[in-house]
There are 2 protein chains.
Amino acid sequence: MSRSDGRPERSRPTLEEVAAAAGVSRGTASRVVNGSHRVSDATRASVQEVVHRLGYVPNAAARSLVTRRAESVAFIVAETESRVFHEPFFGRLLRGASQGLAATGLQLVLVMAWTAGERSRVERYVHNGHVDGVLLSSLHGDDPLPERLAASGRPVVQAGRPWTPLRGVDYVDSDNVGGARTATEYLLRQGRRRIATIAGPQDMVPGVDRLTGYRAALRGSRAVPSGLVAQGDFSRESGERAMEELLARNPDVDAVLAASDLMALGALRVLRASGRRVPEDVAVIGYDDSEVARNAEPALTSVCQDMEQMGREMVRLLVGRLEAAPGGAGGQAGGDGAGAPAPSPPLVLPTELVVRASA
Amino acid sequence: MSRSDGRPERSRPTLEEVAAAAGVSRGTASRVVNGSHRVSDATRASVQEVVHRLGYVPNAAARSLVTRRAESVAFIVAETESRVFHEPFFGRLLRGASQGLAATGLQLVLVMAWTAGERSRVERYVHNGHVDGVLLSSLHGDDPLPERLAASGRPVVQAGRPWTPLRGVDYVDSDNVGGARTATEYLLRQGRRRIATIAGPQDMVPGVDRLTGYRAALRGSRAVPSGLVAQGDFSRESGERAMEELLARNPDVDAVLAASDLMALGALRVLRASGRRVPEDVAVIGYDDSEVARNAEPALTSVCQDMEQMGREMVRLLVGRLEAAPGGAGGQAGGDGAGAPAPSPPLVLPTELVVRASA
DNA sequence: GACGGCTATGGGAGCGCTCACACTAGCGGA
DNA sequence: TCCGCTAGTGTGAGCGCTCCCATAGCCGTC
C-alpha cells in the first residue's frame, strides 16, 4: 500500500481501495456507501471509518455509467444573462425550484442559453446524460428548444404554457387570463370607464393571455373597449413609449393595466410628466407584483403570481416523471406503445390582485 | 439488428452499434466522432452518415470515466437566489464568463449555494467530478468553501481577493482601493472638503478595500477625515440609514462616497428629503456603475468596474489551469513535490470614474 | 439431524467509452 | 528484392462503479 508512506496519494481512492483497507469486498463497500441496510453494524462502521480517513468520494461518471442517472437537473433559461438578471421573477422561480429540490438528492444547475452556440451546446449537454431532467423558462413564441430537449427522452417541465401542446413537455402555467380579467374588473368596479392596456409582446404566451383577460372583462361592459391597446416588450422604456402613444390617441383615458410592473413604472413616469395624478386622474395596475411595484411612487397595485410556488410545482412534476421513469433515458420520446408517458394534466396556478396606492 | 424493424429502438445507440452499422470498428468510429484526422475521408463520411441517421450522441459518463474530464465548469455563487438577482453585477460577471468559455467546448453551469445543505451538496458535486473547474463568487469573510472546493484537486478561480491567500485558489480582483481613492480625489479636486463615506460591510474584502482607498485619499489633505464614516451592507435601505446617521452627526457634509450604487441611491433619497440639493449642496458618488446609476435622478457619478472583463479573465485563468493539468483531478492539492501548482500572479483589474450629474 | 430460510458477504459481468498498441497495405529508397 | 516508414484500421484492456447471483454461516423446525 503506497498510501502509508509519506507523500499523499496522487489520485483519489477508489471503492476497491476502500474495500481493501477495510478488509471487505468492493460490493460490501458499495453497499455501505449507498446506505444499504443489509450490512452488519460492525462492517458498516469500519468501512465508514476508512471512507472518512481516505477521503473517499464516489466517482460520479462511473456510477452514472451504470445507474444511468446523473442525480442532477438543469434549469435552462433561454435568455441572455442581462435579461435574466433584470426580470425580477427569475430569482423567485429559481428559489422555488431550489426549495422543491432540497428534499431530493438532486443538484440544480442553471444554464443560460441564448446564442445559437449556447443552445446547441446545452442540447448536447442534456442528450449526453449530464442531467436527468430539465426545467425550462422564458421562451419566445414557438421555440424548438423544448421539443429538442424532450427528444433526449428526459422529462422536461416548462414554466408557462407553450403555444401548442408539446409531446414530452409538461408545464405549469399561471392564470394570466384570470389575472388580467380580475384586475380589469376591479378597475370597472372603481368606476373607471376608459380603461387602456399596455399589452406584452404578442409572440409570448403571457403577453397574449393577459390581453385576452383584459378584453374578456371589458366585453359587455360600458367601458370603451377599442383603440385603447398599446404594446410593449415588458421593459420600462417600452412602457413609456406605449403610454405616450395611448395619451396621444386618447387623452381622456382614466385607467391603465400594464402587462408588467416595469411597463407600469414607465407609464407612471409619463403620466406624471403629462401632469396627470395617479390614481386620481388615471389608475395604474401592474403585473408581477415585483419589488419595484412595492417601491414605486405611488406604490403599484399589481397582479401577484406566486413564482416560488410555480418553481416548486415544476419540480414536483419533474420529480414525479423521474420516479416513474424506468431507467435513465427512456428512448426517443416517441413510441406509440404502452410506454408512452401520458402528459400531466396542465397545472394552472391562481393569481391575486394586490391593491396598493396606484389604483 | 432490431433497429431495422418498425418500432424505434428503446435505448440510445452506442458507439459499437454505430461502428457495426458503418462497417468499421469501434475505435475508428470513436476517431470520427472525436474528430481525429487519421481517418480516410470515405470512412469518415460513412460513419458521420450513420451517426446522423441513428441520432448517436456520446455517453458523457462513459467518456468522462476514461478521460477524467467532464467538459464543464461550474460558476458557484455562495448567495441566495434573491440576493444574486438583485446585485446587478452578477449578470455581467456571468456574461463575461460565458463569453470567455464560448471558444472552448466547456459548458458553464451556475449553482447557487447558500444553505448548509446546498453547500455540502455542491461540494460533493465538485468532488464527484461533475465539473472540471470552479468559478466562485460572492464570499463573505473567510468562507471555508473555496478551500474545500480546491481540495478536490480541481482548479478554483475566485472573483475578488480572498482575505488570506488560499492554496489552490486563484483570483481576479478589481482595484477597489484605487477606485475609491480616485473617486475621493476627484471630490477633493472639485473643492469638497467635508467628504463622508458610506462604507460596505467590513467582513467583505471590497467593503474594506474601498474604505481603505477613501482614507488613503484623505490622508494629508485639508478635508476633515474623521467621524464621516457610516456603514451599510450594500443595499439601498442600509444606504438610507447610513446617510441619516451621517447627517445627524455632521449636517455640514458636502460630499458622500458610497461603496455601492444602491447605497448611493438611498443616500440620494435621504438628502433630497432633508432639503439638500445634489450636487449643489452635497456631491454623491456611487460604486459599480450599474444600470441604476445611469437611471438615477440625478444620474449618478460612479466608479466603474468592468465585470465582464473580470468574468473573462477568470475563465482565462481557469482554462489555463485546465490545460496545464495532467489528467483530471490532480490529487489532494497539497503535495510539496514538483507537481505543486504555482499560484497565478494576482490579477487586479483597473477601475474608472464615470462622471455624471451627481458629483 | 437434515433441511429450508434468512442474512451478510464475495465476486463476476458489464455499463460505453478512450487509449495504447498491434497490425496491414502500400510506397519509396537502399 | 527487401526493408523501413507511414497512413489507416482493428483489438484488448480497463476507467470505477452497481447489480445480480452464488455462497457461507446460522437460526429454528419437524
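The rules behind the values
Residues numbered from 1 in each chain as written. Chains lettered and ligands numbered in written order. Predicted model: local features only at pLDDT ≥ 70, side-chain atom pairs only at ≥ 80, totals over all residues. Heavy atoms only, no water. Near = heavy atom within 4 Å. Polar contact = N/O pair within 3.5 Å; in protein donor to acceptor, adjacent residues only side chain to side chain. Helix = DSSP H or I, 4+ residues; strand = E, 2+ residues; numbered from the N terminus. Nonpolar A, V, L, I, M, F, W, Y, C, P; charged D, E, K, R; others polar. UniProt positions renumbered as here; feature names shortened; annotations may be inferred. Salt bridge = Lys/Arg side-chain N within 4 Å of Asp/Glu carboxyl O. Buried < 20%, exposed > 50% of the residue type's maximum accessible area, 1.4 Å probe, protein only. Pairing = 2+ DSSP bridges. Phe/Tyr/Trp six-rings, centres within 6.5 Å; stacked < 30°, edge-to-face > 60°. Lys NZ or Arg CZ within 6 Å of the ring centre and 35° of its normal. Axes fitted to C-alpha atoms, helices over the stretch in contact; angles between N-to-C directions. Contact = heavy atoms within 4.5 Å. 1 Å grid on protein atoms, 1.4 Å probe; cavity = no way out; pocket = protein on both sides within 12 Å on 5 of 7 lines; lining within 4 Å. Points joined across faces, edges and corners; volume = space filled by probe spheres on them.

Lining the immediate surroundings of DNA strand C are 25 residues, of which R26, T43 and R68 of chain A together with L15 and Y56 of chain B lie closest. A breakdown of the atoms of DNA strand C within 4 Å of the protein gives sugar and phosphate a share of 68%. In this structure, N34 of chain B approaches DNA strand C through a side-chain N or O atom, which is 3.0 Å from a phosphate oxygen. Looking at the surface near DNA strand C, the elements with two or more residues in it are α2 (26-33) and α4 (60-67) of chain A together with α2 (26-33) and α4 (60-67) of chain B. Of the residues in the surface near DNA strand C, the class split is 10 nonpolar, 9 polar and 6 charged.

What follows concerns the UniProt feature "domain: HTH lacI-type" (unreviewed entry) in chain A. The positions that UniProt labels "domain: HTH lacI-type" (unreviewed entry) are, in the present scheme, residues 13-67 of chain A. The annotated region residues 13-67 of chain A carries 69% helix and 0% strand content, and the separation between its end C-alpha atoms amounts to 21 Å.

Applying the stated criterion across every chain yields a total of 32 salt bridges over all chains. Among the ionic pairs, E308 of chain A bridges to R95 of chain A, the shortest N-O distance being 3.4 Å. Here E308 of chain A is found in helix α14 (residues 307-324), whereas its partner R95 of chain A is found in helix α6 (residues 89-102), with 213 residues between them in sequence. Close ionic contact of R119 of chain B with D143 of chain B constitutes a salt bridge, the shortest N to O distance being 2.5 Å. Taken together, the residues span a long stretch of sequence, with R119 of chain B in helix α7 (residues 116-127) and D143 of chain B in the loop between β3 (133-137) and α8 (145-150) at a distance of 24 residues. Connected via shared salt-bridge partners are R161, D173 and D209 of chain A.

What follows is about the pairing of strand β10 (residues 301-305) of chain B. Regular strands place side chains that alternate from one sheet face to the opposite one. Residue and element names in this part refer to chain B. When you tally the buried positions in β10, you get 5 out of 5 residues, the bulk of the element. Burial of β10 is two-sided: the residues T301, V303 and Q305 facing one way and the residues S302 and C304 facing the other way are all buried. Relative to β10, strand β9 (residues 283-288) runs parallel, the two sharing 4 bridges. Its bridge partner being in β10, I285 is matched across the sheet by T301.

The next thing to look at is the protein's contact with DNA strand D. The environment of DNA strand D is formed by 27 residues, the closest being L15 and Y56 of chain A together with R26, T43 and R68 of chain B. Backbone atoms, meaning sugar plus phosphate, form 62% of the atoms of DNA strand D positioned within 4 Å of the protein. In the model, a phosphate oxygen of DNA strand D is placed 2.9 Å from a nitrogen or oxygen of the T28 of chain B side chain. A distance of 3.1 Å is found between a base nitrogen of DNA strand D and a side-chain nitrogen or oxygen belonging to R31 of chain B.

So, on to the packing of aromatic side chains. Residue and element names in this part refer to chain A. Following the criterion strictly, the structure yields 3 aromatic pairs over all chains and no others. Ring geometry for F89 versus F90: centroids 4.9 Å apart, planes at 25°, classification stacked. Classification of F89 as partly exposed rests on a relative accessible area of 22%. Look at F90 and you get buried, because its relative accessible area is 4%. Over the face of the ring belonging to Y287 we find R210, whose NZ or CZ atom lies 3.8 Å from the ring centre.

A separate point is the environment of E17 of chain B. Of note, E17 of chain B is situated in helix α1 (residues 15-22). Each C-alpha atom of the pair E17 of chain B and S46 of chain B lies 14 Å from the other, and the pair is 29 residues apart in sequence.

The next subject is unusual backbone geometry. All names here are of chain A. Omega for the bond connecting V278 with P279 falls within 30 degrees of zero, at 10°, which places this linkage in the cis form. Residue position: P279 is located in the loop between α12 (261-273) and β9 (283-287). The amide bond that connects E297 to the next residue, P298, takes the cis arrangement and shows omega of 0°. With respect to the helices, strands and loops of the structure, P298 is situated in the loop between α13 (291-295) and β10 (301-305). Backbone geometry places R68, a non-glycine residue, at a positive phi of 60°. What makes R68 exposed here is its relative accessible area of 52%. The phi dihedral of E71 is positive, around 55°, even though this residue is not glycine. Considering the arrangement of structural elements, one finds E71 in the loop between α4 and β1 (72-77). With a relative accessible area of 40%, E71 lands in the partly exposed category.

With that settled, the discussion passes to the sheet that holds strand β8 (residues 255-258) of chain A. Residue and element names in this part refer to chain A. What the 6 strands build is an open sheet, ordered β7-β6-β8-β9-β10-β12; its pairing is mixed. At either margin of the open sheet sits one strand with a lone partner, and together these are β7 (229-231) and β12 (351-354). Between one strand axis and the next, the sheet turns through 20° on average, direction left out of account. Here β9 pairs with β10 via 3 bridges, running parallel. Sheet contacts for helix α9 (residues 176-189): β6 (195-199), β8, β9, β10 and β12; angle to β9, the most-contacted strand, approximately 165°. On top of the sheet, helix α10 (residues 205-218) reaches β6, β7, β8, β9 and β10; it is set at about 165° to β6, its chief contact.

Residues and elements named next belong to chain B. Evaluated as defined, the whole model comprises 5 cavities of 30 Å³ or more. Its volume calculated, the largest cavity comes out at about 470 Å³. Surrounding the largest cavity, 30 residues form its lining, F89, S138, A159, M204 and P206 being those nearest its centre. Its residues assigned to classes, the lining of the largest cavity shows 14 nonpolar, 9 polar and 7 charged.

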